[in-house]
Amino acid sequence: MIWNRLSSGSYLAPPVLAKRIPKATGGERVLGIPTVADRVAQGAVKLHVESILEPIFHPDSYGYRPGKSAHQALARCAQRCRDRSWVLEIDIRSFFDTVSHELVLKALAYHKMPSWVLLYCKRWLQAPMVESADGIRQPRTMGTPQGGVISPLLANLFLHYAFDRWMVREHRHIGFERYADDIACHCSRMREALRLKAAIQRRLASVGLEINTQKSKVVYIDTFPRWNVSTCFTFLGYDFRVRTLKNYKGELFRKCMPGASKVAMTRMTRTIRSWRIQRSAASIEELARRYNATLRGWIAYFGKFWYRNFSYQIWSTMQSRLLKWAMNKYRLSHRRAEHRLRLIRREKPYLFAHWSLLRAVNG
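Residues numbered from 1 in each chain as written. Predicted model: local features only at pLDDT ≥ 70, side-chain atom pairs only at ≥ 80, totals over all residues. Heavy atoms only, no water.

If you had to explain the overall build of the protein to someone new, which residues and values would you point to?
Looking only at helices and strands, the protein has 13 helices and 11 strands in total. Projected onto the principal axes, the alpha-carbon positions of the protein cover approximately 70 × 55 × 35 Å. When the 363 residues of the protein are sorted by exposure, 48% land in the buried category. Long-range pairs, those at least 24 residues apart, make up 64% of the contacts in the protein with a sequence separation of at least 6. (Helix = DSSP H or I, 4+ residues; strand = E, 2+ residues; numbered from the N terminus. Buried < 20%, exposed > 50% of the residue type's maximum accessible area, 1.4 Å probe, protein only. Contact = heavy atoms within 4.5 Å.)

And the structure:
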């Protein structure tokens, strides 16, 4: 039925449901959740459009693309930080809420998309948003709703011309990584980074976007100290800074490395504490079933770089809660509760996802 309506041109995009979620840095992010049928329709159109646009996208655009990942962007960023000492961190203010419909449709038309693609993309861009509380429809004249299936592809197309192609044309010698609206540019000198920031600000303003000045900054990343300059920046949830490491011979050396950011670590710690494991009456197997999916997700993403620091934080926070749970549930002393958990870990070493971090903690 959906296919019949799509092929005949009679498919009308239903309103999207507004879902407000808190941001880690404060404020709220508004997601636009489409209906199940609308997600199917968007997915069908996305497959067609993506097959045409994917080959033209910049290799250093990593967000929401097949075969690309945040870890690839982080690894590339770390490599460039070792080659160039200055980094310009760019964050676009309310990007998904301020994308120009006219420019997105113009870019689609430039690539000779069929008329039905232009028709449906226009309808999805202009689909009204409904607040669940009052049910009032809010018309939209700009922005592409986060939560939609095709929205990331349209956002990538917009920034491909607004930023990627412009950088290649105007600043070919400057490397960058872009994941959606999070951007890191690598410069050789502070003066170059400041000039680039001003140029990017003018460029984005010309297409209706604005830089978030609080989150956008010039950072110095090098093993040599430098005063009165920021020496750390955050990209995709990782803090990039020069860290003291140890090689296989036990010798210390300094190197720029990404590691789970302080904000992300604080959020994970607070989440574990909010579970109130120590007051639960559930069995240890039930606790593992409840929380392993979240723990595995954290380990898969934040355990990729600077593993030991992240491992210790997650291990110590989670293990201390399990220890208090054992003390309360079985009326044991601290020492006996530790012994009981140790026996369970030996018998079932894969029961909890964070138990796999023990080698990194002890190493």
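Break down the sheet that holds strand S10 (residues 238-246) for me, citing the residues and quoting the values.
Read from one edge to the other, the open sheet built from three strands follows the order S9-S10-S11, with strand pairing classed as antiparallel. A strand with exactly one partner marks an edge of an open sheet, and here the two such strands are strand S9 (233-235) and strand S11 (252-260). Strand after strand, the sheet turns through a mean of 50 degrees between neighbouring axes, direction not considered. Sheet topology note: the S10/S11 ladder contains nine bridges and is antiparallel. Paired with Tyr238 across the two strands is Ala260, which belongs to S11. (Pairing = 2+ DSSP bridges. Axes fitted to C-alpha atoms, helices over the stretch in contact; angles between N-to-C directions.)

Could you give an account of the pattern of salt bridges, naming the residues involved and the relevant values?
Across all of its chains, the model carries 11 salt bridges by this definition. Of the charged contacts, one joins Glu50 and Lys46 as a salt bridge, the two residues approaching to 3.2 Å between their closest N and O atoms. Note that Glu50 and Lys46 are positioned in helix H2 (residues 36-53) at a spacing of four residues, about one turn of the helix. Both residues of the pair, Glu50 and Lys46, count as buried. Between Arg93 and Glu210 there is a salt bridge, and its shortest N-O distance comes to 3.6 Å. Linking Arg93 in the loop between strand S3 (86-91) and helix H4 (95-98) with Glu210 in the loop between helix H8 (190-206) and strand S8 (217-220), this pair joins segments that are 117 residues apart in sequence. (Salt bridge = Lys/Arg side-chain N within 4 Å of Asp/Glu carboxyl O.)

Account for the packing of helix H7 (residues 151-170) against H8, with residues named and values stated.
Where H7 contacts H8, the axes come no closer than 11 Å and their chain directions differ by 135 degrees. One finds that H7 runs oblique with respect to H8. Considering how the two elements wind past one another, H7 and H8 form a crossing that is right-handed. Contact residues: H7 offers Tyr161, Ala162, Phe163, Trp166, Met167 and Arg169, while H8 offers Leu196, Ala199, Ile200 and Arg203. Looking at the contact of H7 with H8 residue by residue, the classes come out as eight nonpolar, no polar and two charged. (Parallel < 35°, antiparallel > 145°, perpendicular 65-115°, else oblique. Left-handed = near helix turned anticlockwise from the far one by under 90°. Nonpolar A, V, L, I, M, F, W, Y, C, P; charged D, E, K, R; others polar.)

I'd like a description of unusual backbone geometry, backed by residues and values.
Of note, Ser94 is a non-glycine position whose phi angle comes to about 45 degrees, a positive value. The residue Ser94 is located in the loop between S3 and H4 in this model. Backbone geometry places Lys112, a non-glycine residue, at a positive phi of 55 degrees. Position of Lys112 relative to the elements: it lies in the loop between helix H5 (101-110) and helix H6 (115-126).

I'd love a proper account of the pairing of strand S6 (residues 175-179), names of residues and values included.
Across the five residues that make up S6, a large majority, five, are buried. Neither face of S6 is left uncovered, since the one carrying Gly175, Glu177 and Tyr179 and the one carrying Phe176 and Arg178 both have all their residues buried. In the sheet, S6 pairs with strand S7 (residues 182-187) via five bridges, with the strands oriented antiparallel. Bridged to Glu177 within S7 is Ala184. Adjacent in sequence and paired antiparallel, S6 and S7 are bridged by two residues, among which Ala180 carries a positive phi angle near 60 degrees.

Help me get a handle on the packing of aromatic side chains, residues and values and all.
For the structure shown, the criterion picks out 19 aromatic pairs. Ring plane angle 75 degrees and centroid distance 6.2 Å describe the contact between Tyr11 and Tyr120, whose orientation is recorded as edge-to-face. In this pair, Tyr11 sits in the loop between helix H1 (2-8) and strand S1 (16-22) while Tyr120 sits in helix H6, placing the two residues 109 residues apart along the sequence. Neither residue differs from the other here; Tyr11 and Tyr120 are each classed as buried. Relative to Tyr161, the ring of Tyr110 has its centre 6.0 Å away and its plane inclined at 80 degrees; by these criteria the two rings are edge-to-face. Of the two residues, Tyr110 is situated in helix H5 and Tyr161 in helix H7; the sequence distance between them amounts to 51 residues. Chaining the aromatic ring pairs together yields one cluster made of Tyr238, Tyr301, Phe302, Phe305 and Phe310. (Phe/Tyr/Trp six-rings, centres within 6.5 Å; stacked < 30°, edge-to-face > 60°.)

Quick rundown of the state of the cysteines? Include the residues and the values.
Scanning all chains against the criterion turns up zero disulfides. For Cys77, which is in no disulfide, the shortest distance to another cysteine sulfur is to Cys81 and amounts to 4.2 Å. The thiol of Cys187 is not disulfide-bonded; the next cysteine sulfur, from Cys185, is found 6.6 Å away. With a relative accessible area of 0%, Cys187 lands in the buried category. (Disulfide = S-S within 2.5 Å.)

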